[in-house]
Amino acid sequence: MNNVQIYILNEYQDLVVKCDRNQLKQVFINFLKNAIEAMPEGGIVTIEIKKLGTNKLKIFFKDTGIGIPQSILKRIGEPFFTTKENGTGLGIMISKQIIENHNGTVHFWSDKKGTMIEVILPIDNKQ
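Not measured: the values here are computed from a predicted model. (Residues numbered from 1 in each chain as written. Predicted model: local features only at pLDDT ≥ 70, side-chain atom pairs only at ≥ 80, totals over all residues. Heavy atoms only, no water.)

> Teacher, can you tell me more about the overall build of the protein chain here?
Summing up its helical and strand segments, the protein chain has 3 helices and 5 strands in all. Its helices and strands in sequence order give the protein chain the pattern β-α-β-β-α-α-β-β, from N to C terminus. Scaling as 2.2 N^0.38, a compact globule of 127 residues should have a C-alpha radius of gyration of about 14 Å, and the protein chain matches this with 15 Å. A buried classification covers 34% of the 127 residues belonging to the protein chain. Look at the contacts in the protein chain between residues 6 or more apart in sequence, and 64% of them connect residues 24 or more apart. On the protein chain, roughly 8,400 Å² of surface is accessible, and the fraction owed to carbon and sulfur atoms is 52%. (Helix = DSSP H or I, 4+ residues; strand = E, 2+ residues; numbered from the N terminus. Rg over C-alpha atoms; globule rule 2.2 N^0.38 Å. Buried < 20%, exposed > 50% of the residue type's maximum accessible area, 1.4 Å probe, protein only. Contact = heavy atoms within 4.5 Å. Areas by Shrake-Rupley, 256 points an atom, 1.4 Å probe, with all protein chains shown as cover.)

Here it is, written out as structure tokens:
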């Protein structure tokens, strides 16, 4: 519909993250929605899942959008800061909080070739 292709690269079918599934689903939908909105002419979103050491999972969300200027990038996650006409400025802040409440971290990088979000979460090794 938006001329966006989504690719998922996942070599691991058996990794389990101890989490609130609905909260992480909310986070990932928010990241995907933002990526799609950053590509009004269409583009590619790649979701890549990698194992980090023996007890962590790294999830990358990469888009081929216009990128985020550094002056805005450093403010991402501030409450009520938004560049969207109808945005609340709470989506990224709440997403970061959810990831941190799951003992994870989230980082953002961007340039003129697109934006990358890195989410690191602990793996539940006691499955």
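Structure's up, so let's keep going.
> What is the right way to read the sheet that holds strand β3 (residues 56–63) from this model?
By definition, the strands of a sheet pair up through backbone hydrogen bonds, in either a parallel or an antiparallel sense. In space, the 5 strands of this open sheet follow the order β1-β2-β3-β5-β4, with mixed pairing throughout. Because the sheet does not close on itself, it has two edges, and the strands there are β1 (4–10) and β4 (105–111). On average, each strand axis in the sheet is tilted by 15 degrees relative to the strand beside it, whichever way the strands run. With 7 bridges joining them, β3 and strand β5 (residues 114–122) adopt antiparallel strand pairing. Bridge pairing in β5 links Ile-59 to Val-119. The sheet strands contacting helix α3 (residues 91–101) are β4 and β5, and the helix crosses β4 at an angle near 140 degrees. (Pairing = 2+ DSSP bridges. Axes fitted to C-alpha atoms, helices over the stretch in contact; angles between N-to-C directions.)

> When you look at the packing of helix α1 (residues 21–37) against α3 in this model, what are you seeing that I'm missing?
Geometry of a packed helix pair, given as the angle between the helix axes and the separation of the axes. Running from amino to carboxyl end, α1 crosses α3 at an angle of 140 degrees, the nearest separation of the two axes being 9 Å. Taken together, the axis directions place α1 and α3 in an arrangement best described as oblique. Once α1 is placed against α3, the crossing between them reads as left-handed. Touching Gln-23, Leu-24, Gln-26, Val-27, Asn-30, Phe-31 and Asn-34 of α1 are Gly-91, Ile-92, Ile-94, Ser-95, Ile-98 and Ile-99, all from α3. Residue classes in the contact of α1 with α3 are distributed as 7 nonpolar, 6 polar and no charged. (Parallel < 35°, antiparallel > 145°, perpendicular 65-115°, else oblique. Left-handed = near helix turned anticlockwise from the far one by under 90°. Nonpolar A, V, L, I, M, F, W, Y, C, P; charged D, E, K, R; others polar.)

> Please clarify how the pattern of salt bridges should be interpreted in this entry.
Pairs can form between side chains of opposite charge once their charged atoms are near each other. The full count for this structure, using the stated rule, is 5 salt bridges. We note a salt bridge from Lys-33 to Glu-37, for which the minimum N-O separation is 3.0 Å. Of this pair, Lys-33 and Glu-37 are both found in helix α1, 4 residues apart, which corresponds to roughly one turn of the helix. A residue is classified by how much of its surface remains accessible, and Glu-37, at 40% relative accessible area, is partly exposed. A cluster of three or more residues bridged by salt bridges with shared partners is formed by Glu-48, Lys-50 and Lys-62. (Salt bridge = Lys/Arg side-chain N within 4 Å of Asp/Glu carboxyl O.)

> What is the right way to read α1 from this model?
Side chains three or four residues apart in an α-helix point the same way, a direct result of the helix having 3.6 residues per turn. Here α1 contains 17 residues, and its C-alpha end-to-end distance of 24 Å stays within 8% of the 24 Å for a straight helix at 1.5 Å per residue. Those residues of α1 not exposed but buried are Leu-24, Val-27, Asn-30, Phe-31, Leu-32, Asn-34 and Ala-35. Buried residues along α1 sit against β1, β2 (43–52), β3, α3, β4 and β5. Measuring from the backbone nitrogen of Asn-22 back to the side-chain oxygen at the start of α1 gives 3.0 Å, which picks out Asp-20 as the cap. (Expected span 1.5 Å × (residues − 1). Polar contact = N/O pair within 3.5 Å; in protein donor to acceptor, adjacent residues only side chain to side chain.)

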